Amino acid sequence: MQAARELVEAAETELELRARLWPFQDRYDQAVAAGDVDGFAGLCGGKHGR
C-alpha cells in the first residue's frame, strides 16, 4: 500500500510541475524554432534580469 501511495504522490508532483513549467517550455520551444538567440540571452521581465 505504501508503494502505491508513493507512486500516486510522484505522479501528482510531476503533473503539478508540468503545469507550472509549461509557459517556460513554450517560450523555449518558440525561441528554438525561430532561432532566436536573443530570446535565450535577453533580459527577462522577472526579478532576476537575465
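These numbers were taken from a predicted model, which means no experiment stands behind them.

### A few points about the overall build of the protein
Now for step 1: From N to C terminus, the protein includes two helices and zero strands.
Now for step 2: Per-residue burial for the protein yields a buried fraction of 2% across its 50 residues.

### A look at a nonpolar patch on the surface
Now for step 1: Taken together, the side chains of L17, L21 and F24 present a nonpolar region at the surface, about 300 Å² in accessible area.
Now for step 2: Locating L21 in the fold gives a position in helix 1 (residues 2-34).

### Re the pattern of salt bridges
Now for step 1: A complete count under the given rule lists two salt bridges for this structure.
Now for step 2: Where E14 meets R18, a salt bridge forms, and the shortest distance between an N and an O atom there is 2.7 Å. On the criterion of helical spacing, the pair formed by E14 and R18 is a turn pair, its members being four residues apart in helix 1.
Now for step 3: Take E14: its relative accessible area is 42%, and that puts it in the partly exposed class.

What counts and what doesn't
Residues numbered from 1 in each chain as written. Predicted model: local features only at pLDDT ≥ 70, side-chain atom pairs only at ≥ 80, totals over all residues. Heavy atoms only, no water. Helix = DSSP H or I, 4+ residues; strand = E, 2+ residues; numbered from the N terminus. Buried < 20%, exposed > 50% of the residue type's maximum accessible area, 1.4 Å probe, protein only. Patch = residues over 30% accessible without salt bridge, like charges linked within 9 Å, V, L, I, M, F, W, Y side chains within 5 Å. Areas by Shrake-Rupley, 256 points an atom, 1.4 Å probe, with all protein chains shown as cover. Salt bridge = Lys/Arg side-chain N within 4 Å of Asp/Glu carboxyl O.

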